[in-house]
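# Structural overview
This is what each chain is made of:
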Amino acid sequence: QVQLVESGGGSVQAGGSLRLSCAASGDTYSSYCMGWFRQAPGKEREGVASIDSDGITRYADSVKGRFTISKDNAKNTLYLQMNSLKPEETAMYYCAAVLSRSCSVVVVVTAPHRDDAYWGRGTQVTVSS
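Summarised in this report is the structure supplied together with it. None of these values were measured; they are calculated from a predicted model. (Residues numbered from 1 in each chain as written. Predicted model: local features only at pLDDT ≥ 70, side-chain atom pairs only at ≥ 80, totals over all residues. Heavy atoms only, no water.)

## A short note on the overall build of the chain
Worth spelling out the cut-off: Working definition: helices are DSSP H or I runs of at least four residues, strands are E runs of at least two. Numbering for both runs from the N terminus. Just to be clear, the radius of gyration here is over C-alpha atoms, and the globule rule we use is 2.2 Å times residues to the power 0.38. Whether two residues touch is decided by their heavy atoms; if any such pair falls within 4.5 Å, the residues are in contact. Accessible surface area values rest on a Shrake-Rupley calculation with a 1.4 Å probe, where residue burial reflects the displayed protein chains alone. A residue counts as positive if it is Lys or Arg and as negative if it is Asp or Glu; His and the chain ends are not included. Here the site of a charge means NZ on Lys, CZ on Arg, CG on Asp, or CD on Glu.
Broken down by element type, the chain carries 1 helix and 11 strands. Written out in order from the N terminus, the α and β elements of the chain read β-β-β-β-β-β-β-β-β-α-β-β. Rg of the C-alpha trace for the chain: 13 Å, near the compact-globule value of 14 Å for 129 residues, within the 12% margin. Pairs at least 24 apart in sequence give 61% of the contacts found in the chain among residues at least 6 apart. Surface summary for the chain: the accessible area is close to 6600 Å², and the carbon and sulfur share equals 46%. Side-chain charges in the chain split into 13 positive and 12 negative, and the spacing between the mean points of these groups amounts to 3 Å.

## Regarding the packing of aromatic side chains
Quick note on the threshold: Each Phe, Tyr or Trp ring, with Trp reduced to its six-membered ring, pairs with another whose centre is within 6.5 Å; inter-plane angles below 30 degrees give stacked pairs, above 60 give edge-to-face pairs, and intermediate values give tilted ones. Only protein chains enter the accessibility calculation, which uses a 1.4 Å probe. A residue is then buried if its area is under 20% of the maximum for its type, exposed if over 50%, and partly exposed in between. Criterion for a charge above a ring: Lys NZ or Arg CZ within 6 Å of the ring centre, and within 35 degrees of the ring normal.
Scanning all chains against the criterion turns up 2 aromatic pairs. Centroid distance Tyr 32 to Tyr 118: 6.2 Å. Interplanar angle 55°. Geometry classified as tilted. Residue Tyr 32 is located in the loop between strand S3 (18-25) and strand S4 (33-39), and its partner Tyr 118 is located in strand S10 (residues 117-119); the two are separated by 86 residues in the primary sequence. Exposure remark for Tyr 32: the relative accessible area of 6% places this residue in the buried category. Judged by its relative accessible area of 24%, Tyr 118 falls in the partly exposed class. Judged by centre distance (5.1 Å) and plane angle (15°), the ring pair of Phe 37 and Tyr 94 falls under stacked. Here Phe 37, found in strand S4, pairs with Tyr 94, found in strand S9 (residues 91-98); they are 57 residues apart in sequence, far enough to count as distant. Taken individually, Phe 37 and Tyr 94 each receive the classification buried, so the pair is uniform in this respect. For the cation-ring pair, Arg 19 lies above Tyr 79, with the distance from its terminal atom to the ring centre recorded as 4.0 Å.

## Some details on the nonpolar core
Side chains that are nonpolar tend, in soluble globular proteins, to be buried together. Going by this rule: The definition of a nonpolar core used throughout is a set of buried Ala, Val, Leu, Ile, Met, Phe, Trp, Tyr and Cys residues joined through side-chain atoms within 4.5 Å.
If you look at the biggest cluster of nonpolar residues, it comprises 29 residues, and the most contacted ones within it are Trp 36, Leu 80, Met 82 and Tyr 93. Of all the secondary-structure elements, those providing two or more residues to this core are S3, S4, strand S5 (46-51), strand S7 (67-72), strand S8 (77-82), S9 and strand S11 (123-128). For Tyr 93, the contacting residues outside a window of four places in its chain are Glu 6, Leu 20, Phe 37, Arg 38, Val 48, Phe 67, Leu 80, Met 82, Gly 122, Thr 123 and Val 125.

Structure below.
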């Protein structure tokens, strides 16, 4: 099993930055497709970024150039650096781990519906205008 605990959320003004962290437990962490998805009240869940076991990253078009996903396998920690944040990005952000050969934001966003996936409780990001 993999347990995921997110941190780093908070309140920022539009244009600001936040760095989310996701501490993972489980010795197979490095072999998973890892990523972040977000969900705001009344809105559909949205995949944000993914990183596979080889370190290849993929992003939703809406965050390309502003968000950076990374991981430190030695620390079992996943990160999401978010710059130039927008008010419409206010949401709960979740870390996910999916045991999948393919890895993308589409895979990550389906984590809650899969038997081969884990996700955390989320961290709130609030962006004010």
